[in-house]
Amino acid sequence: MDKEKGQIAEANNSIQFYLAGFSPFTKVFYLSLILIVLFGLGMLPFCYVNVITRTEGIIRPFQERTVVRSLISARIQSVHCKDGTTVKKGDTLILFQQLDYTAQKEYIAEKISNCKKLIDDLQLLTQPNVWKDSTISNRLQTAVYRSQYLHFYDQLQEKNILSQKLQKDILLYDPLLREKVIAPNEFADIGFELLQASAVFQLQISKQISQWQYELMEQQKLLVEYKTENSHLLSKAQSYIIQAPITGTVLMQEPLYAGTAVLPSGELLSISPAQDLIVECWISPSERITIYHGQTFTYSIPEIRNQMSTTLQGKVISIAEDYTLVNNKPMFRVKCSLNQTSVQLQNGFSYVLGRGLLLETRFLLARKSYWELLYQQLYDWFNPATLSKSTV
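Residues numbered from 1 in each chain as written. Predicted model: local features only at pLDDT ≥ 70, side-chain atom pairs only at ≥ 80, totals over all residues. Heavy atoms only, no water.

Next up on the list: the overall build of the chain. The number of helices and strands found in the chain is ten helices and 17 strands. Looking at the chain as a whole, 29% of its 392 residues are labelled buried. Taking as baseline every contact in the chain between residues at least 6 positions apart, the subset at least 24 positions apart corresponds to 74%. About 26,400 Å² of surface is accessible on the chain, with carbon and sulfur atoms providing 57% of the total. (Helix = DSSP H or I, 4+ residues; strand = E, 2+ residues; numbered from the N terminus. Buried < 20%, exposed > 50% of the residue type's maximum accessible area, 1.4 Å probe, protein only. Contact = heavy atoms within 4.5 Å. Areas by Shrake-Rupley, 256 points an atom, 1.4 Å probe, with all protein chains shown as cover.)

This paragraph deals with the sheet that holds strand 6 (residues 241-243). If you trace the four strands from one edge of the open sheet to the other, you get 6-5-3-8, paired in antiparallel fashion. Edge positions in the sheet fall to strand 6 and strand 8 (261-262), since each of these pairs with one other strand and no more. Across two bridges, the pairing between strand 3 (residues 74-79) and strand 8 is antiparallel. Looking across to strand 8, one finds that Arg 75 is bridged to Ala 261. (Pairing = 2+ DSSP bridges.)

Topologically, Asn 339 is positioned in the loop between strand 14 (329-337) and strand 15 (342-344). The sequence separation of Asn 339 and Ile 278 amounts to 61 residues, and the corresponding C-alpha distance is 9.5 Å. Once residues within four sequence positions are removed from consideration, Asn 339 is found in contact with Tyr 299, Gln 313 and Gly 314. From its side chain, Asn 339 meets the backbone oxygen of Gln 313 in a polar contact 3.3 Å long. (Polar contact = N/O pair within 3.5 Å; in protein donor to acceptor, adjacent residues only side chain to side chain.)

So, about the pairing of strand 2 (residues 66-69). Side chains of strand 2 alternate between two faces, with Thr 66 and Val 68 buried and Val 67 and Arg 69 left unburied. Strand direction decides the pairing type here: strand 2 and strand 9 (residues 267-273), joined by four bridges, are antiparallel. The residue of strand 9 that forms the bridge with Val 68 is Leu 269.

The next subject is the sheet that holds strand 9. Here we have four strands laid out as an open sheet, ordered 2-9-7-4, and antiparallel in their pairing. A single partner strand is all that each edge strand has here, and the edge strands are strand 2 and strand 4 (86-87).

Moving on: the packing of aromatic side chains. For the structure on display, the rule yields two aromatic pairs. With a centroid separation of 5.4 Å and 25 degrees between ring planes, the pair formed by Phe 297 and Phe 363 is classed as stacked. Placement of the pair is Phe 297 in strand 11 (residues 296-300) and Phe 363 in strand 17 (residues 358-369), with a sequence separation of 66 residues. Grouped by ring-pair contacts, the aromatic residues Phe 297, Tyr 299 and Phe 363 constitute a single cluster. Over the ring of Phe 332 we find Arg 288; its NZ or CZ atom is 5.9 Å from the centre of that ring. (Phe/Tyr/Trp six-rings, centres within 6.5 Å; stacked < 30°, edge-to-face > 60°. Lys NZ or Arg CZ within 6 Å of the ring centre and 35° of its normal.)

Given below as structure tokens:
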């Protein structure tokens with residue numbers, strides 16, 4: 001009897017007895033559930049999903065803003081632009097007061113003009129046989145060299161007359177010497193005076209020409225100095241005119257007025273270049289490995305994400321070679337192109353993409369199966385190195 005009771009108790013605790021308590025529908029349900037789980041696990045290696053990273057981007061011009069600074073200390077005479085106006089390269093933005101520029105410019109111009117006149121006169125006076133032409137004085141432009149030439153010409157004429165008189169004396173005394181009317185010493189004295197007068201005549205010509213040649217070289221040096229001084233004055237005058245270095249939009253932190261004093265290297269305004277717009281965003285070093293030039297990315301505008309009728313795309317055009325600390329974290333700057341400058345909304349309106357607009361960018365890092373993702377997650381959970389780091 002006890003033996004039969006024991007067999008009945010064992011039968012009540014068996015799996016068959018436990019399963020017999022379920023209805024056929026319950027058995028089918030659990031069996032289907034098990035098969036579905038096994039089928040799902042078996043399909044994990046064959047189901048792939050895109051692994052993306054989301055970052056915040058901003059629309060901005062390709063080139064950085066250009067800061068316009070003052071090179072000198074001066075006061076503003078007039079301002080030819082306003083905040084938000086569009087300017088072209090070379091347009092005048094600001095004029096500074098030039099107190100002594102006009103007087104200095106006229107003074108240097110007068111010195112250059114006088115120097116050129118002196119050089120022209122000296123070049124005319126240093127020509128060969130200049131002393132023979134009495135009309136040269138009429139072609140001289142300056143009074144100082146006209147006076148010098150007339151004085152030089154008169155002296156040469158006096159010495160020339162003396163030489164001609166001595167030559168006539170020699171012709172006159174030569175027959176008398178042959179007839180022994182005069183002594184040979186007296187005739188020799190006349191010949192010596194003629195040679196001495198000719199030597200003095202040539203010496204004075206050479207001395208005066210050398211003096212004029214020296215003055216010509218000095219005036220040419222002065223002309224070079226005056227022209228250099230004039231170039232410096234013109235370059236200095238350029239610093240009194242602030243021109244737009246690029247084409248773009250003027251941005252002023254503070255308004256500028258006539259009479260305002262500025263200091264050297266002081267920031268006056270900045271110009272946002274009128275160039276193609278790009279998307280600038282930052283990625284981590286781990287994401288930098290999988291992002292490459294020419295890679296296609298998608299982006300959206302958070303404020304109107306649900307109203308956008310199309311997906312916006314672009315391409316990576318540059319990736320920084322070195323990192324930059326952003327919030328004390330190393331990040332790489334990525335610049336991407338925009339395939340379109342406006343977004344068509346579902347309600348029919350068009351949304352224009354402008355500068356400073358914040359976007360949500362999405363980069364495709366990899367394409368992995370669910371099994372790889374599950375394995376990587378389990379590996380991170382049970383890896384002793386990971387566990388030790390999390391414990392610490």
